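These are the residues of each chain, in order.
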Amino acid sequence: ILILYPRPDMQEINDLYSAGSFNYCSLQLSCETIDYFYQDLKEIIKIKLSGDILDYGCSEGKFLDLAKMFGFKTYGLEIDRTVIETLRVKGHTIFEDLENIKSQKFDIIYCNQVIEHLDDPIRVIDGFYSILKPGGILIISTPTINKLQLLIYNRRNLFHGEHLFVFNFRSI
């Protein structure tokens, strides 16, 4: 595992995500994006055909939109206030912080490309187990790096500014 040092303070991180300045998904929804989420959803459906699904760090809710089309009851956690109301209008239940989720239980928790942005990913992952229903599914994906990539990339390219951690297969 690689850890960004010096780390930005929590105010810088909160400003990055809550002011709409982190606009990685503001482009039009592409066929590639739909296919990416559809492939994940196909794997989920092989195990669970329906249920309550939480997308932790749902951004503009593209995965939630697809899950809703397939009959899942959709929930998201998002801290970017510029998209929260739109997500709610689309019929998704949206939480703005982990504390508000603790009374809810989910059949599926989907955490796609988020843990590398978190200040304490282990604490969050541990928290997932307290809100996952018995027999539930936890799906986490994150960019990984191998030794060759480590030699090729410089520090700036590795951390993309907002990544606080970079994982490899052993550290995951």
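Report follows, based on the coordinates. (Residues numbered from 1 in each chain as written. Predicted model: local features only at pLDDT ≥ 70, side-chain atom pairs only at ≥ 80, totals over all residues. Heavy atoms only, no water.)

A look at the sheet that holds strand E6 (residues 132-141)
Applied cut-off: Only strands joined by at least two bridges in the DSSP assignment are considered to pair. Where helices and strands are cited, they refer to DSSP runs of H or I of at least four residues and of E of at least two residues respectively, numbered from the N terminus. To define axes, lines are fitted to C-alpha atoms, for helices over the stretch in contact only, and angles between the resulting N-to-C directions are given on a 0 to 180 degree scale.
Here 5 strands make up an open sheet; going across it, the order is E4-E3-E2-E5-E6 and the pairing parallel. Either end of the sheet is taken by a strand with one partner, and the two such strands are strand E4 (93-95) and E6. The sheet shows a mean angle of 20° between the axes of neighbouring strands, direction not considered. Bridging between strand E3 (residues 73-77) and E4 involves 3 bridges; their strand directions are parallel. Bridging from a neighbouring strand, Gly76 pairs with Ile94 of E4.

Re helix H5 (residues 121-131)
We count it as follows: Any residue under 20% of the maximum accessible area for its type is buried, any over 50% is exposed, and the rest in between are partly exposed; the area is computed with a 1.4 Å probe on protein chains only. Each direction from the helix axis to a C-beta atom contributes to the arc, which is the arc of those directions.
Of all the residues in H5, the buried ones are Pro121, Val124, Ile125, Gly127, Phe128 and Ile131. Along the axis of H5, the buried residues cluster in a sector spanning 155°; they form a single face. Exposed positions of H5 whose direction lies more than 90 degrees from the buried face are Ile122, Arg123, Asp126 and Tyr129.

With respect to the environment of Lys102
Tracing the sequence through the fold places Lys102 in the loop between E4 and strand E5 (106-112). Linking Lys102 and Gly127, residues 25 residues apart in sequence, is a C-alpha distance of 8.6 Å.

Re the nonpolar core
As a reminder, the rule being used: Joining through side-chain atoms within 4.5 Å is the link that ties buried Ala, Val, Leu, Ile, Met, Phe, Trp, Tyr and Cys residues into a set, and such a set is a nonpolar core. Every residue pair with non-hydrogen atoms within 4.5 Å of one another is taken to be in contact.
Residues Leu54, Tyr56, Ile101, Phe106, Ile109, Phe128 and Ile131 are the most contacted members of the largest nonpolar core, which totals 17 residues. Breaking this core down by element, the ones donating at least two residues are strand E2 (52-56), E3, E5 and H5. Considering each element in turn, this core owes the most residues, 4 residues, to H5. Apart from residues no more than four positions distant in its own chain, Ile101 is found in contact with Leu54, Leu77, Phe95, Phe106 and Ile131. Phe63, Ile108, Tyr110 and Ile137 belong to the second-largest nonpolar core, a separate cluster that totals 11 residues.

Regarding the pattern of salt bridges
What counts is decided by this rule: Salt bridge, as used here: a side-chain nitrogen of Lys or Arg that lies within 4 Å of a carboxyl oxygen of Asp or Glu.
A complete count under the given rule lists 5 salt bridges for this structure. Across the pair Lys46 and Glu43 runs a salt bridge, and its minimum N-O distance is 3.0 Å. In this pair, Lys46 and Glu43 are both assigned in helix H2 (residues 31-47), 3 residues apart and thus about one turn of the helix distant. One salt bridge connects Glu96 with Arg88, and the closest N-O pair in it is separated by 3.4 Å. For Glu96, a relative accessible area of 32% puts it in the partly exposed group. Each member of the salt-bridge network shares a partner with another, and the members are Asp52, Asp107 and Lys133.

Things to note about unusual backbone geometry
Positive phi, normally seen in glycine, also occurs at Ser59, with a value near 55°. Summarising the element assignment, Ser59 is placed in the loop between E2 and helix H3 (62-69).

Overview of the pairing of E2
Heads up, the rule is: Consider the strands pointing away from the viewer: the crossover is right-handed when the path from the first strand over the helix to the second runs clockwise.
In terms of burial, E2 is largely enclosed, as 5 of its 5 residues are buried. Here E2 shows a buried face lined by Asp52, Leu54 and Tyr56 and a second buried face lined by Ile53 and Asp55. In terms of strand pairing, E2 meets E3 through 5 bridges, oriented parallel. Of the residues in E3, the one forming a bridge with Asp52 is Lys73. In this region the chain leaves E2, passes through H3 and returns to the parallel neighbour E3; the handedness of that crossover is right-handed. Where E2 lies against E5, 3 bridges are found, and the strand directions are parallel. In the strand pairing of E5, Asp55 is matched with Tyr110.

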